[in-house]
Every structure is written in C-alpha cells, then in structure tokens.
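These are the residues of each chain, in order.
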Amino acid sequence: EVGEPFKEEKAVAKYLRFNCPTKSTNMMGHRVDYFIASKAVDCLLDSKWAKAKKGEEALFTTRESVVDYCNRLLKKQFFHRALKVMKMKPDKDMKKEKEKGKAESGKEEEKKSKKESGKDEKTKKEKEKEKKKDGEKEECKKDEIPGTPKKKETKRKFKLEPHEDQVFLDGNEVYVWIYDPVHFKTFAMGLVLVIAVIAATLFPLWPAEMRVGVYYLSVGAGCFVASILLLAVARCILFLIIWLITGGRHHFWFLPNLTADVGFIDSFRPLYTHEYKGPKADLKKEEKSESKKQQKYDSEEKSDSEKKEDDGKTEATRNLGTDGSGGERHSDTDSDRREDDRSQHSSGNGNDFEMITKEELEQQTDEGDCEEEEEEDTESRPSHEKS
C-alpha cells in the first residue's frame with residue numbers, strides 16, 4: 001500500500017516538476033511530459049535541500065541520496081518509468097527514399113556532363129587546373145559512400161511505453177510525470193480573466209466617465225484593426241496592377257512584412273521591396289556567375305605565376321651566392337697583390353727618409369751651385385759665337 005505524500009515530498013516534487021527540463025511526446029495515445037533521470041539528480045543537487053541549515057543536515061548530499069529519495073517519490077506515484085521504442089519506417093517510405101536518391105544522383109551526373117561540355121571551350125591551362133580540383137574533390141568523396149546523396153540530419157522518432165521494472169536509476173533513463181500541479185502564473189492569469197469578465201458584465205453600472213473612455217478606446221482599436229486589413233488588401237491590389245502592366249517583370253510589394261510572422265514594429269519594415277524578373281535579370285545573373293568564375297581562374301593563375309616567380313628568385317639567389325663567393329676570392333687575391341706592390345715601393349724608397357748630417361747637406365748645396373754656373377757658361381758661349 002502506498003501512503004499519502006508528506007509536505008516535504010510534495011515540495012520537492014513540485015520543485016522538480018517546474019525546474020527540471022522536460023519534453024513532451026505521445027504515450028498510449030496521450031500527450032505526456034517526461035524527464036531524464038540524470039538531469040533530475042543534478043537539479044535536486046542544486047536546490048535548497050542540498051544546502052545545510054543551522055542545526056539541520058542537508059537532505060541531499062550525494063547522488064545516491066538523491067536516487068533513494070526519487071525512489072520514494074516513484075513509489076508514491078509522482079512519476080513512473082518508461083521505455084523508449086524507436087519507430088521503424090515502413091517499406092514504402094524506404095522505397096521512396098531510394099528512388100529519390102537515384103533521381104538526385106542522375107541529376108548530378110547530368111550536371112557534370114554539362115560542365116564537361118562547357119569546359120572544352122576553355123584553354124589547356126584552365127583544364128589542367130579543373131582536373132586538379134576534380135581530383136581533390138574525388139579524394140574527399142572517397143570517404144563517403146559512392147552513389148548516395150547527402151542526407152539531411154533528421155531526428156529519429158520514438159514512442160514511450162511503460163517499463164516493467166519501476167525503479168529510479170541515475171542515467172539516461174526516461175520517467176513520465178504523473179504529478180501535474182497548477183503553476184502560480186496560470187492561477188494568477190485565470191484569476192485576472194475571471195475578474196475581467198465580471199467587470200465587463202457590470203459595464204452598465206460603471207461611472208459615465210469610465211464608460212465614455214472605454215467607448216473611445218474601443219472605437220480607436222476597431223479603426224486600427226480595420227486600417228491594417230485595408231492596407232493588406234490594398235497592397236495586394238497594387239501588386240497585381242503593377243504586375244499586369246509590366247507583364248510580370250516588376251514585383252513591387254508595399255509593406256512586405258505586414259502579414260508576416262514578425263513583431264509589431266518589424267511588420268512595418270521595410271516600407272517596400274522591388275524585384276525585376278525579366279530577361280535582362282537572367283542575363284545579369286549569368287554574367288555575374290561568369291565573372292565570378294573568371295575571377296577564380298585569374299586568382300589561380302596569379303597564384304601559379306607568383307609561385308613560379310618565387311622559384312626563379314630562389315634559383316637566382318643561389319646562383320648569385322656561388323658567383324659572389326668566386327668574386328670575393330678574386331678580390332682577395334687582387335687586394336693582396338696591391339698590398340705587396342705598395343710594400344715593395346715603400347721599401348725601395350726607404351733611403352729617402354734616412355738621417356743626413358750638416359756636412360753632407362753643405363756638399364750637396366755646393367755641387368748644386370757649380371752645376372748651375374756650368375749651365376750658364378754653356379748658354380753664354382753659343383751667344384758670343386753667333387755675334
């Protein structure tokens with residue numbers, strides 16, 4: 001027999017019900033909320049019952065203590081254990097998916113054939129670069145299963161069934177809530193709604209000023225709603241008129257987000273949108289795509305030329321290094337020769353800087369004077385002979 005829960009147990013269950021993260025799903029044809037055991041344990045360890053008060057011990061100290069307490073709550077039917085059962089797809093859906101995959105693979109092959117026919121008009125360099133790119137892409141695709149298109153990540157659907165072993169275990173076990181108390185917010189909102197209904201029924205008993213104010217407010221709100229509806233209709237009529245006059249080339253929308261699922265202010269932004277969907281627009285799109293392709297090829301050619309220039313620079317620096325070493329050797333030999341010549345010249349002229357006595361200086365001066373007199377006599381003799 002299961003006894004009635006205590007106040008403390010009700011408080012813990014209520015805290016767990018509103019603070020532990022829950023999800024909703026179908027179980028036995030009913031919509032139920034469920035939670036995971038490990039998250040419930042973490043939630044209770046962060047609660048006020050895990051902190052010791054003055055003169056009292058904490059209710060939850062370890063994960064094991066939380067598990068024991070949750071077993072008590074399970075026995076008192078606050079929640080029960082459930083089992084996840086994955087839903088299997090029927091054979092028809094599997095066949096449809098296979099057919100879709102084959103169709104997508106066929107479309108991809110057609111696109112590749114079209115690309116190859118367009119590539120024949122390009123130069124050889126461009127073809128080589130594209131072959132390199134295709135090779136890299138094929139290497140990346142080798143890891144994937146060939147012939148299968150990329151599948152979108154979809155969550156696997158499952159359903160819950162009651163578990164035979166009703167025990168609380170710390171882990172990824174699933175537990176469905178039975179205890180569903182009324183939240184304070186819902187209680188407050190219900191109370192306000194009841195008071196508003198009673199006040200509306202007592203409208204004839206209101207003071208005259210309040211009744212006039214409510215009347216004007218209701219008229220203003222009605223006009224606002226009517227204006228929004230008229231705007232929604234008028235923008236559609238304006239779009240149709242412009243579309244018919246231009247033959248479907250110009251798409252002009254006034255307040256495009258007026259009926260969109262956005263906020264009140266965002267519904268009036270932007271003021272209008274305009275799109276041109278004529279033959280020139282298609283040509284512009286094609287030109288943009290071609291220009292993008294050309295930019296890619298130009299950038300690739302530049303990168304290749306830069307690599308070649310870098311290789312040439314490295315080779316030139318190496319050659320300069322070898323030539324520079326030989327030149328340095330020749331310069332060293334030339335400098336040595338020049339230094340030897342200078343040393344020989346200085347050794348040959350070393351007597352000019354020897355010490356000379358006074359007598360030697362006088363003799364040299366007398367000899368110099370005699371030589372000058374003889375030169376003068378030789379010059380005067382031929383002049384007398386001529387006379």
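Only a predicted model underlies this, so the values are computations on that prediction, with no experimental measurement involved.

A.B. asks: What is the right way to read helix α3 (residues 63-75) from this model?
C.D. replies: Turn by turn, an α-helix covers 3.6 residues, leaving residues three or four places apart pointing in a common direction. Between the first and last C-alpha of α3 there are 19 Å, a value that for 13 residues agrees with the 18 Å anticipated at 1.5 Å per step. Those residues of α3 not exposed but buried are Ser65, Val66, Val67, Tyr69, Cys70, Asn71, Leu73 and Leu74. Of the surrounding elements, those touching the buried residues of α3 are α1 (7-19), α2 (37-45), β3 (79-86) and β5 (174-177). A positive phi of about 65° marks Gln77, the residue just after α3.

A.B. asks: Help me out: how do you make sense of the sheet that holds strand β2 (residues 30-36) in this one?
C.D. replies: Strand pairing in a sheet relies on backbone hydrogen bonds, with the paired strands running either antiparallel or parallel. Strand order in the open sheet made by the five strands is β1-β2-β5-β3-β4, with antiparallel pairing throughout. The outermost strands of the open sheet, each flanked by one partner alone, are β1 (23-27) and β4 (158-162). Direction aside, the axes of adjacent strands within the sheet are offset by 50° on average. Relative to β5, β2 runs antiparallel, the two being bridged by three bridges. Directly across from Tyr34, in β5, lies its bridge partner Val176.

A.B. asks: When you look at the state of the cysteines in this model, what are you seeing that I'm missing?
C.D. replies: Under the definition given, this model contains zero disulfides. Cys43 forms no disulfide, and the closest cysteine sulfur to it belongs to Cys20, at a distance of 5.4 Å. We classify Cys43 as buried; its relative accessible area is 10%.

A.B. asks: Would you mind showing me how to read the pairing of β1 here?
C.D. replies: Within a regular strand, the side chains alternate between the two sheet faces. Both β1 and β2 contribute to a ladder of five bridges, which runs antiparallel. Along β2, the bridge assignment pairs Asn26 with Arg31. Counted between consecutive antiparallel strands, the loop separating β1 from β2 contains two residues, among which Met28 sits at a positive phi close to 55°.

A.B. asks: For this particular structure, what's the right way to read the pattern of salt bridges?
C.D. replies: Pairing is possible between side chains that carry opposite charge, provided their charged atoms lie close to one another. Scanning all chains against the criterion turns up eight salt bridges. The residue Arg17 makes a salt bridge to Asp33 at a minimum N-O spacing of 3.1 Å. Of this pair, Arg17 sits in helix α1 while Asp33 sits in strand β2, and the two are 16 residues apart along the sequence. On the basis of relative accessibility, which here comes to 10%, the residue Arg17 falls in the buried class.

A.B. asks: So what exactly am I meant to see when it comes to the nonpolar core here?
C.D. replies: Note that soluble globular proteins tend to have their nonpolar side chains buried in a common cluster. Ranked by internal contacts, the top residues of the largest apolar core, which has 23 residues, are Phe35, Phe79 and Phe168. Listing elements by their share of this core, those giving two or more residues are α1, α2, α3 and β5. Per-element accounting of this core gives the leading share, six residues, to α3. When near neighbours in sequence (up to four residues on either side) are disregarded, Phe79 contacts Phe35, Cys70, Leu73, Leu74, Phe168, Tyr175, Val176, Trp177 and Ile178. One finds Met27, Phe158, Leu160 and Val174 within the second-largest nonpolar core, a separate group that totals eight residues.

A.B. asks: Even after reading the chapter, I still don't get the packing of aromatic side chains, so can you show me in this structure?
C.D. replies: In this description, a pair of aromatic rings is defined by centroid distance and the angle of the planes. Tallied over the full model, the rule gives 16 aromatic pairs. Note on Phe79 and Tyr175: the rings are 6.0 Å apart at their centroids and 80° apart in plane angle, and the pair reads as edge-to-face. Here the residue Phe79 occupies a position in strand β3, and Tyr175 occupies one in strand β5, the gap between them amounting to 96 residues. An identical accessibility class is assigned to Phe79 and Tyr175; each is buried. Taken together, a centroid distance of 5.5 Å and an interplanar angle of 80° make the contact between Phe79 and Trp177 edge-to-face.

About the thresholds
Residues numbered from 1 in each chain as written. Predicted model: local features only at pLDDT ≥ 70, side-chain atom pairs only at ≥ 80, totals over all residues. Heavy atoms only, no water. Helix = DSSP H or I, 4+ residues; strand = E, 2+ residues; numbered from the N terminus. Expected span 1.5 Å × (residues − 1). Buried < 20%, exposed > 50% of the residue type's maximum accessible area, 1.4 Å probe, protein only. Contact = heavy atoms within 4.5 Å. Pairing = 2+ DSSP bridges. Axes fitted to C-alpha atoms, helices over the stretch in contact; angles between N-to-C directions. Disulfide = S-S within 2.5 Å. Salt bridge = Lys/Arg side-chain N within 4 Å of Asp/Glu carboxyl O. Core = buried A, V, L, I, M, F, W, Y, C linked by side-chain atoms within 4.5 Å. Phe/Tyr/Trp six-rings, centres within 6.5 Å; stacked < 30°, edge-to-face > 60°.

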